[in-house]
Amino acid sequence: MTTKTRMIAVLGTALTLAAAPLAAETLRLGDFQSTTHIVSVEGTTKWMAAVEEATGGEIGFEHFPSQQAAKSKAQLDAVNNGILDAALLGTPYHADVLPLNSVVALPGYYGSAAEGTQALQTMLEAGPLRDEFLAAGVTPIFGFVLPPYQVLAKTRLGMPADWASQDIRTSGSTQAMTARSLGGVGISIPGPEVYTAVERGRLDAVLFPLASVPGYKLNEVVSHISTNGSFGGYSFVMVIRSDLFDGLPADTQAKLVSLGAETAAHVAQAQDASVAGLIEEWKAEGIDTYSFSAEELAAVTEATGAVSTDLVERIDNDGAISVLETYSELTGN
């Protein structure tokens, strides 16, 4: 091959490489929810599809739902260890690393998933909640909450006196404190075991988000369900390993975040809408779906007021009071 021929060949190869599209980035995304759960249908999978379309396939996903890549409590470690690139975290599972994010679990602050999600999204844009994620080696892309927890029970629970000595299923230490503040006994039982525990009399009541009730069929074992309480919440945050996210083009980063904000608002609204339909179904089944009276709400709010103070003291973090004040301002409570 002559020198001229070799130069032409090299030039041709260079032009071919230059014309080729950039290699797609496939993110391994962990998730502990099933693909049939409303959080996945209207949230995670919806966001992944939107990102792939908006980036023309530049960003793709390998999805590991239902704890296929890591258990719910190990999702964050899996991202940091390189097993996963991204994950939908249930923040209560990582309270040791993300203590300030436990603010969402406090009772009496938000009245709908849409309201709570708007507050969370604002706090994830800048400030202590975002800083916690960054310090943990991940970047928060978007976050949303479940509808406020209600009480499902075998008897109608209203005034604090009704809650005395009731064995109540709670999720996390903050919600256990909520049950205790009302005179009940907080008991930690995994979601899949709650149905049997109520059916066999181990539990008298359950604090649970109504949008998630059908997945566990709890409406089959209780006769009373509150509809306007606010016994704490639960937040999900989509994260990507920071070194990976920081290495993406700025416009790609912007698309991930903007589509995340749209998804967060959508999944919150979808959950709120589903709750309205579920309440009608349960009424038709003969379940007492009731609203707390103004007097009951006032008494419950007063009784659970100490839970916020308890959270600040337990975290013992200079940012805790600031986070609580901001959260209160954003939710109007």
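These numbers were taken from a predicted model, which means no experiment stands behind them.

Some words on the sheet that holds strand 5 (residues 150–153)
(1) Moving on: In spatial order, the strands read 7-6-8-5-9-11; together these 6 strands make up an open sheet with mixed pairing. The sheet is open, and its two edges are formed by strand 7 (185–187) and strand 11 (288–290), each paired on a single side. Across the sheet, the axes of successive neighbouring strands diverge by a mean angle of 25°, strand direction being ignored.
(2) Moving on: Relative to strand 8 (residues 205–208), strand 5 is paired through 4 bridges, and the arrangement is antiparallel. The residue of strand 8 that forms the bridge with V151 is L207.

Overview of the pattern of salt bridges
(1) Moving on: Enumeration over the complete set of coordinates arrives at 7 salt bridges.
(2) Moving on: Put simply, R156 and E296 hold a salt bridge, and the shortest N to O gap is 2.8 Å. A residue pair is termed long-range when its members are at least 10 positions apart, and R156 in the loop between strand 5 and strand 6 (167–169) and E296 in helix 11 (residues 294–304) qualify at 140 residues.
(3) Moving on: What makes E296 buried here is its relative accessible area of 10%.
(4) Moving on: One salt bridge in this structure joins R241 and D243, with 2.9 Å as the shortest N-O distance.
(5) Moving on: Assessed through its relative accessible area of 16%, R241 is described here as buried.
(6) Moving on: Residues joined in a network through salt bridges with shared partners are R28, D85, R241 and D243.

Here we look at the sheet that holds strand 10 (residues 235–241)
(1) Moving on: The 5 strands are arranged 2-1-3-10-4 in an open sheet whose pairing can be described as mixed. Two strands lie at the open edges of the sheet, namely strand 2 (59–64) and strand 4 (138–145), each paired on one side alone. Here the strands of the sheet are splayed against their neighbours by 25° on average, with no regard to which way each runs.
(2) Moving on: The pairing of strand 1 (residues 25–30) with strand 2 spans 6 bridges and is parallel. Each bridged residue has a counterpart across the sheet, and for L29 the counterpart in strand 2 is H63.
(3) Moving on: In the packing of helix 4 (residues 113–125) onto the sheet, the strands contacted are strand 4 and strand 10, and the crossing angle to strand 4 comes to about 160°.

Describing helix 7 (residues 191–199)
(1) Moving on: Among the residues making up helix 7, those that are buried are G191, V194, A197 and V198. Buried residues of helix 7, viewed axially, fall in a sector of 90°; they line one side. Opposite the packed face of helix 7, turned more than 90 degrees from it, sit the exposed residues P192 and E199.
(2) Moving on: Of the surrounding secondary structure, the elements contacted by the buried residues of helix 7 are strand 6, strand 8 and helix 8 (213–216).
(3) Moving on: After helix 7 finishes, the residue G201 shows a positive phi value of roughly 85°.

A closer look at unusual backbone geometry
(1) Moving on: One non-glycine residue, Q67, lies in positive phi territory at about 65°.
(2) Moving on: Positioned with a positive phi, K217 is a non-glycine residue whose angle comes to about 55°.
(3) Moving on: Examined against the element boundaries, K217 turns out to sit in the loop between helix 8 and strand 9 (224–226).

Concerning the nonpolar core
(1) Moving on: Counting residues in hydrophobic clusters, the biggest one holds 42 residues, and the most contacted among them are W47, V151 and F231.
(2) Moving on: Grouped together as the second largest cluster of nonpolar side chains are 34 residues, A70, L98, Y109 and V145 included.

Details of the packing of aromatic side chains
(1) Moving on: The final tally for this structure, using the stated rule, is 13 aromatic pairs.
(2) Moving on: Here Y93 and Y234 contribute two aromatic rings whose centre-to-centre distance is 6.5 Å and whose plane-to-plane angle is 75°, an arrangement assigned as edge-to-face. One end of the pair, Y93, is in the loop between strand 3 (86–90) and helix 4; the other, Y234, is in the loop between strand 9 and strand 10, and 141 residues separate them in sequence.
(3) Moving on: A connected cluster of aromatic rings, assembled from ring pairs, spans F32, W47, F61, Y93, F142, F144, Y234 and F236.

A short note on the confidence of the model for the protein chain
(1) Moving on: Across the protein chain, the average pLDDT comes to 91, with 93% of residues at 70 or higher.
(2) Moving on: In this model, residues 1–23 is a region of pLDDT below 50 whose contacts with residues beyond four sequence positions or in other chains number 1 contact.

Describing the environment of G108
(1) Moving on: Of note, G108 is situated in the loop between strand 3 and helix 4.
(2) Moving on: Considering only alpha carbons, one finds G108 and P148, 40 residues apart in sequence, at a separation of 8.7 Å.
(3) Moving on: Not counting the four nearest positions on each side in its chain, G108 is found in contact with S230, G232 and N333.

Quick notes on the packing of helix 4 against helix 13 (residues 318–331)
(1) Moving on: For the pair helix 4 and helix 13, the least separation of the axes is 9 Å and the interaxial angle reads 135°. By the angle between their directions, the pair helix 4 and helix 13 is classed as oblique. For helix 4 against helix 13, the interelement crossing comes out right-handed. Between helix 4 and helix 13, the residues in contact are E115, A119, T122 and M123 and V323, T326, Y327, L330 and T331, respectively.
(2) Moving on: When grouped by side-chain class, the residues that make up the contact of helix 4 with helix 13 number 5 nonpolar, 3 polar and 1 charged.

About the thresholds
- Position labels on residues start from 1 in each chain and follow its written sequence.
- It should be noted that, the model being predicted, local features are given only for residues of pLDDT at least 70 and side-chain atom pairs only at 80 or more, the latter also being counted only at that level, while totals for whole chains, interfaces and linings use all residues.
- Neither water nor hydrogens contribute to the side-chain values; these are computed over all heavy atoms in the structure.
- For two strands to be treated as a pair, DSSP must find at least two bridges joining them.
- Put simply, DSSP H or I for four residues or longer makes a helix, DSSP E for two residues or longer makes a strand, and each gets a number counted from the N terminus.
- Orientation is described by lines fitted to C-alpha atoms, with helices fitted over the stretch in contact, and by angles between N-to-C directions that extend from 0 to 180 degrees.
- Each reported salt bridge corresponds to a side-chain nitrogen of Lys or Arg within 4 Å of a carboxyl oxygen of Asp or Glu.
- In this scheme, a residue with accessible area under 20% of its type's maximum is buried, one over 50% is exposed, and one in between is partly exposed, where area comes from a 1.4 Å probe on protein chains only.
- Any pair of residues with heavy atoms lying within 4.5 Å of one another is described as a contacting pair.
- To be clear, the arc concerns the directions from the helix axis to the C-beta atoms.
- Think of a nonpolar core as a cluster: buried Ala, Val, Leu, Ile, Met, Phe, Trp, Tyr and Cys residues, connected wherever their side-chain atoms sit within 4.5 Å.
- Paired rings are identified among Phe, Tyr and Trp, the last through its six-membered ring, by centres lying within 6.5 Å, and are further divided according to the angle between planes into stacked (under 30 degrees), edge-to-face (over 60) and tilted (the rest).
- Looking at any residue, its pLDDT shows the predictor's confidence there, from 0 to 100.
- Orientation labels follow simple angle bins: below 35 degrees gives roughly parallel, above 145 gives roughly antiparallel, 65 to 115 gives roughly perpendicular, and whatever is left gives oblique.
- In this scheme, a crossing is called left-handed if the near helix is turned counterclockwise away from the far one by less than a right angle; it is called right-handed if the turn is clockwise.
- Three residue categories are used. Nonpolar comprises Ala, Val, Leu, Ile, Met, Phe, Trp, Tyr, Cys and Pro, charged comprises Asp, Glu, Lys and Arg, and polar comprises the others, including Gly.

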